[in-house]
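Descriptive analysis of the structure
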There are 2 protein chains.
Amino acid sequence: MHQTIKVGKDPGYFLHLGAPLKELGAFLDKTYGASGHYLIITNPIVADLYAEQLLEGLKYFRTDLITVPDSEEEKSLARISKLTEQALRCRADRATIVIALGGGVIGDLAGFFASIFMRGIRYIHIPTTFLAQIDSSIGGKVAVNHPAGKNLLGSFYSPQFVWTDFTTLETLPWVEIQNGLAETIKHALVGDPELLDLVEEKVDAIKNKDLVVLQNIAMKSLAVKVKIVSEDEREKNQRVLLNLGHSFGHALEADQGFRGITHGQGVSLGLLAASYISYNRGLLSAGELARIENILNKLELPTWVTSCDPYVLLELMAGDKKNKAGNKVLVLPVGIGKAMAVADCEDGEIVVAWKKIIK
Amino acid sequence: MHQTIKVGKDPGYFLHLGAPLKELGAFLDKTYGASGHYLIITNPIVADLYAEQLLEGLKYFRTDLITVPDSEEEKSLARISKLTEQALRCRADRATIVIALGGGVIGDLAGFFASIFMRGIRYIHIPTTFLAQIDSSIGGKVAVNHPAGKNLLGSFYSPQFVWTDFTTLETLPWVEIQNGLAETIKHALVGDPELLDLVEEKVDAIKNKDLVVLQNIAMKSLAVKVKIVSEDEREKNQRVLLNLGHSFGHALEADQGFRGITHGQGVSLGLLAASYISYNRGLLSAGELARIENILNKLELPTWVTSCDPYVLLELMAGDKKNKAGNKVLVLPVGIGKAMAVADCEDGEIVVAWKKIIK
């Protein structure tokens, strides 16, 4: 039996957690009836691993499968245009339901596609990475990138539901687990100090990809996100706290053309840069700062970077969506388990933080 | 004093009708306060005619103006990408309010841009064409075209409000008035038989661009649309009736690469093609059919076309967003003042209608 958690209200939607891939078909049949058209959007790697299981469950439905190369660069308007063409070739219409099978890239891309194709059709997300399971599949944010910035064009568009099968973590490379772990540390810093204790305690099991431990950490981690986004679906208030580390991280990713650095690596460095600012402002103790740096190190996430220009990175932060009236809005940790958004960071203060992590 | 009409509910928004351009600034000041950033998106022709009046009213606000070439081809993902770049250069952020100043192309493009830029910012529509005033500015449908079909990628995204200054009709070319008149006839056929009487009676005044008559017709015409979309904002039910003539019209426009034929011309031909099907099914009398053809002729809207292949047009109709499970959904007039959607039109029946208007 899988567990369900509701995200949001009016009407909100459910996360089905620990829900086997092959049981989706029976659930769809119960929910939507036997007719209908399902359009699976995935990448070739995930398709190789999981399409068969999924399609077996969907064999009584009209189903098409489209693969998109596995790359952050595919989160583009050009790919949306191509998907439109492919979807029409599969005779997709307003009744079609998109199934996003994959990680954050697939979820963002297929979700955004569903949000605008024929002015919006339904979609379901099956997150197959740790990052997507604990973070990007929750909260309805979908988007593509633009040369001028990450996730610049998108929507708030909730899926019908999220179907999370944690056994997909078995085949996930360590670097992908790390991407999620960076967000787990962020969730701990923003809202659950005990989650940090747990990660510290279970570091070895995590590195051994112990499924029971990973699932336990995933459940605690996603609970932080569900709580925050349910109270603030449109990011008017405290949802902005979930951007902790991301203003810095996105700038690093953009600086590297979204290729040289993973999202988790960017977030890791960003968490630390934000923590330095908090430390300098007296919001974090030296011990807390060291503890954050230490757990990132133990998870083999980067805590410093080379050959970056802090002033270039500063300029890249100017395009951040959180900024207001020309002021950079940053999220800063306040001790362990709390965070706050500030708009009064001077550029000099930010450069000092960048310099701390650039060696 | 201008008049206001509410569109939709929860929360809905207002049409300000007969609202002078130069008074917008005072209204914005009252509504949103003095701070904020306004990003006007318009085309060079409308900018030449009306930007000065508008900017005079906005002189106490931070305001930028972006022009887009005046062409249906600009309703594209490529233009959305370019607008994104330009908006960022104007330091647009989540608090920016887009002002769409123009006709249907600008409203659709700027509205869709606002719906996805940074996952959605606010916008205001100032419709400057007859078509936009009575039709496209009402109901929150925004979109861009795709090589595979018109308005294939878009959203339902309501403006903050619509600010309609009917005096902009003074400078509007006759062909643009005609674009709106085709929709007026459609509105009459779908929901207001008296509107057809009025247009028939006032044909000469209309052709002389008598502002009082045009405004009167505009008010009655937009009332049909407001009533229908307020009851069905997401096009789940009767809103589909507003597509009368458009399945045929869009196919003609696509066949001509959105260049050879205006939207109004497409709709005129589409209304007649749909009317032929109704006549053949006994839903329209010979007299009613003749009356429709006659008023279109009097308004100098086309009632036949040359060098089109009915089978090519039929194929183009297959991509229509209304279609369900592979069946073409068509809207047919039922007498004057009523319409119905049907999904049982055989291709042969449609080809017969096409042949009636192809000479």
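Residues numbered from 1 in each chain as written. Chains lettered and ligands numbered in written order. Predicted model: local features only at pLDDT ≥ 70, side-chain atom pairs only at ≥ 80, totals over all residues. Heavy atoms only, no water.

1. Here's the deal with the relation of the copies chain B and chain A
- Once chain B has been moved 0.0 Å along the axis and rotated by 180°, it coincides with chain A to within an RMSD of 0.0 Å. As the rotation angle and translation indicate, the two copies are arranged about a two-fold axis. For chain B, the residue whose C-alpha comes nearest the rotation axis is Leu77(B), separated from it by 3.4 Å.
- A high fraction, 100%, of the interface residues of chain B reappear at the interface in chain A, so the copies pair face to face through one surface. (Least-squares fit on C-alpha atoms with pLDDT ≥ 70 in both. Contact = heavy atoms within 4.5 Å.)

2. Examining the packing of helix 10 (residues 246-255) of chain A against helix 13 (residues 310-317) of chain A
All names here are of chain A.
- The interhelical angle for the contact between helix 10 and helix 13, taken along N-to-C directions, is 110°, at an axis separation of 9 Å. Classified by the angle their axes make, helix 10 and helix 13 are roughly perpendicular. Helix 13 is crossed by helix 10, and the crossing has right-handed handedness. Where helix 10 approaches helix 13, its residues Ser-247, Phe-248, Ala-251, Leu-252, Ala-254 and Asp-255 are matched on the opposing element by Val-312, Leu-313, Leu-316 and Met-317. (Axes fitted to C-alpha atoms, helices over the stretch in contact; angles between N-to-C directions. Helix = DSSP H or I, 4+ residues; strand = E, 2+ residues; numbered from the N terminus. Parallel < 35°, antiparallel > 145°, perpendicular 65-115°, else oblique. Left-handed = near helix turned anticlockwise from the far one by under 90°.)

3. Looking at the interface of chain B and chain A
- Taken together, the contact pairs 34 residues of chain B with 34 residues of chain A.
- Around 2800 Å² of area is buried between chain B and chain A when both sides are counted, 60% of it from carbon and sulfur atoms.
- Looking at the side of chain B facing chain A, the largest losses of area belong to Arg94(B), Arg119(B) and Lys321(B), adding up to 27% of the total buried there.
- Summed over the shared surface of chain B and chain A, the number is eight residue pairs in polar contact (both at pLDDT 80 or more).
- Those elements that place two or more of their residues in the side of chain B that touches chain A are helix 3 (77-89), helix 4 (104-116), strand 7 (141-146) and strand 8 (149-156) of chain B.
- Here the side of chain B that touches chain A is composed, by residue class, of 14 nonpolar, eleven polar and nine charged. (Buried area = accessible area lost by both parts, 1.4 Å probe. Polar contact = N/O pair within 3.5 Å; in protein donor to acceptor, adjacent residues only side chain to side chain. Nonpolar A, V, L, I, M, F, W, Y, C, P; charged D, E, K, R; others polar.)

4. Observations regarding the domain arrangement of chain A
All names here are of chain A.
- Along its sequence, chain A is carved into domain 1 (3-171) and domain 2 (176-357).
- One C-alpha centre belongs to domain 1, the other to domain 2, and the line joining them spans 26 Å.
- Each partner contributes to the roughly 2800 Å² buried at the junction of domain 1 and domain 2, and carbon and sulfur atoms together form 64% of this total.
- The three residues of domain 1 that bury the most area against domain 2 are Phe-130, Ile-134 and Lys-150, which together make up 24% of that side's buried surface.
- Summed over the shared surface of domain 1 and domain 2, the result is three salt bridges.
- Note that Lys-186 and Asp-135 form a salt bridge whose closest N and O atoms lie 3.9 Å from each other.
- In this structure, the connection of domain 1 to domain 2 is made through nine residue pairs in polar contact (both at pLDDT 80 or more).
- At the level of secondary structure, the elements contributing two or more residues to the side of domain 1 that touches domain 2 comprise strand 1 (3-7), strand 2 (13-17), helix 5 (130-136) and strand 8 (149-156).
- No other element matches helix 5, which puts six residues into the side of domain 1 that touches domain 2.
- Class assignment of the residues belonging to the side of domain 1 that touches domain 2 gives a composition of twelve nonpolar, ten polar and eight charged. (Domains from an automatic or database assignment. Salt bridge = Lys/Arg side-chain N within 4 Å of Asp/Glu carboxyl O.)

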